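Listed below are the residues making up each chain.
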Amino acid sequence: MVSQSSSANADTHIRPVISATGLYTPTDVITNEELVESFNAFVERENAANAGAIEVGETEALQPSSVGFIEKASGIKARHVVDKEAILDPAIMAPRYRERGNDELSLMAEIGVAACREALAMAGRDPEDVDAVLCAASNMQRPYPAMAIEIQQALGTDGFAFDMNVACSSATFGIQTAADYVRAGHARSVLVVSPEITSGHLNWRDRDSHFIFGDVATAVLVERADMAPAEHWDILGTRLKTVFSNNIRNNFGFLNRAHPETVGAADKLFVQEGRKVFKEVVPMVAEMILSEAERLGIDPTSLRRLWLHQANAGMNRLIAQRVLGHEASEDESPTVLDSYGNTSSAGSIIAFHRHRADLAHGDTGLVCSFGAGYSVGAVFLRKVGA
């Protein structure tokens with residue numbers, strides 16, 4: 001177990017703030033109806049092909065999915081993906097992208113750059129003002145060169161860049177890392193970018209999880225307060241926590257070639273024990289939020305808005321209730337899960353990006369993400385400006 005917290009020091013003029021955010025949303029959308037039609041066509045094909053084995057009890061028939069099952073289990077109604085055609089083809093059921101040459105911008109960098117440019121434009125910042133780029137995401141397109149360095153080059157920023165992966169908590173871990181760089185004087189302005197092409201590691205043929213993920217990219221610009229725009233968000237404090245668990249796992253990696261007989265096994269994609277995750281993560285996240293709020297002298301019931309990880313509507317409902325002391329309204333804990341699906345580390349940032357403009361000067365809120373590891377990241381914020 002690792003637990004780490006960080007908060008702004010009121011005695012120093014070097015305070016980290018969030019100046020802006022950016023969001024890239026793919027245009028392709030897969031509705032639950034489309035997904036179920038594709039999945040059930042696959043089930044019919046497989047059951048027909050294995051009818052003899054099913055009849056004598058050598059294998060079990062695959063079960064169909066349904067829109068009702070998906071929405072009850074997750075709250076998801078649709079998801080964006082980079083390309084939907086191959087995913088919905090019952091004979092493929094996986095994304096298919098053209099492999100790009102080494103001199104072309106990679107797909108992951110492309111969508112990350114788009115999110116970063118929106119964040120820079122929102123803050124009125126030029127790329128040369130940025131000192132660092134952290135690519136914080138649940139999966140990297142390649143081990144090296146770092147995706148962050150490719151994004152840095154494409155943007156035209158100076159300084160340094162590196163990748164970091166803490167699964168669904170990557171963005172909030174990245175925000176604390178960026179804030180610590182600002183406090184220490186190692187950087188004035190840091191981009192935390194989370195390009196999440198989660199459709200690539202989802203098993204679209206698994207009934208229990210085929211509906212979970214969607215693709216997106218977010219960016220968060222963390223800067224010194226004295227260079228931020230008039231309207232920004234003070235970072236009051238952050239808290240990170242990890243506890244090892246196998247209940248969410250992906251065994252894909254460079255050592256798979258050492259045992260080629262299992263290269264295509266299901267565990268080389270996303271797998272989880274959903275009920276165990278729900279039971280173990282909800283109390284851990286709620287307790288961490290409450291203890292950090294107490295350390296910071298923040299009354300949790302006074303938090304104006306919770307921008308929680310967008311993985312499961314039921315988990316968010318319980319966590320928000322434990323933090324606020326009552327059933328949270330959509331205004332207090334907004335949801336983007338229904339239209340974006342689970343976008344891993346980007347989910348809480350999408351919620352923050354899309355549901356913050358109406359808060360008033362002095363309002364406080366919380367960005368919190370949680371997932372595989374287990375990992376939890378919490379960022380307490382206060383709005384400054386109109």
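Coordinates for the structure precede this section.
Description of the structure in this document.

Thoughts on helix 1 (residues 32-49)
Look at helix 1: 26 Å from first C-alpha to last across 18 residues, which is about the 26 Å you get at 1.5 Å a residue. Turning to helix 1, its buried residues are Asn 32, Leu 35, Val 36, Ser 38, Phe 39, Asn 40, Phe 42, Val 43 and Asn 47. Elements in contact with the buried residues of helix 1: strand 3 (28-31), helix 2 (51-55), helix 3 (67-74) and strand 4 (78-81).

Observations concerning the packing of aromatic side chains
One pass over the full model with this rule turns up nine aromatic pairs. Ring centres of Trp 233 and Phe 352 lie 5.3 Å apart, and the angle between their planes is 75°; on these two criteria the pair is classed as edge-to-face. Here Trp 233, found in strand 9 (residues 232-242), pairs with Phe 352, found in helix 10 (residues 347-354); they are 119 residues apart in sequence, far enough to count as distant. Among the residues examined, Phe 352 registers a relative accessible area of 1% and is labelled buried. A network of ring pairs unites the aromatic residues Phe 160, Phe 162 and Tyr 181 as a single cluster. The aromatic ring of Phe 69 is capped on one face by Arg 207, whose charged end is 4.1 Å from the ring centroid. Over the aromatic face of Phe 352 sits the side chain of Arg 356, whose NZ or CZ is 4.6 Å from the ring centroid.

So, unusual backbone geometry
Of the consecutive residues Tyr 144 and Pro 145, the connecting peptide bond is found in the cis state with omega at -5°. By secondary structure assignment, the location of Pro 145 is in the loop between strand 5 (132-136) and helix 5 (147-155). Here the bond from Gly 373 into Tyr 374 is cis, since omega is -5°, no more than 30 degrees from zero. Here Tyr 374 shows up in the loop between strand 13 (364-371) and strand 14 (375-384). Even without a glycine there, the phi angle at Ser 344 is positive, about 55°. Tracing the backbone shows Ser 344 in the loop between helix 9 (337-340) and helix 10.

The rules behind these values
- Residues numbered from 1 in each chain as written.
- Predicted model: local features only at pLDDT ≥ 70, side-chain atom pairs only at ≥ 80, totals over all residues.
- Heavy atoms only, no water.
- Helix = DSSP H or I, 4+ residues; strand = E, 2+ residues; numbered from the N terminus.
- Expected span 1.5 Å × (residues − 1).
- Buried < 20%, exposed > 50% of the residue type's maximum accessible area, 1.4 Å probe, protein only.
- Contact = heavy atoms within 4.5 Å.
- Phe/Tyr/Trp six-rings, centres within 6.5 Å; stacked < 30°, edge-to-face > 60°.
- Lys NZ or Arg CZ within 6 Å of the ring centre and 35° of its normal.

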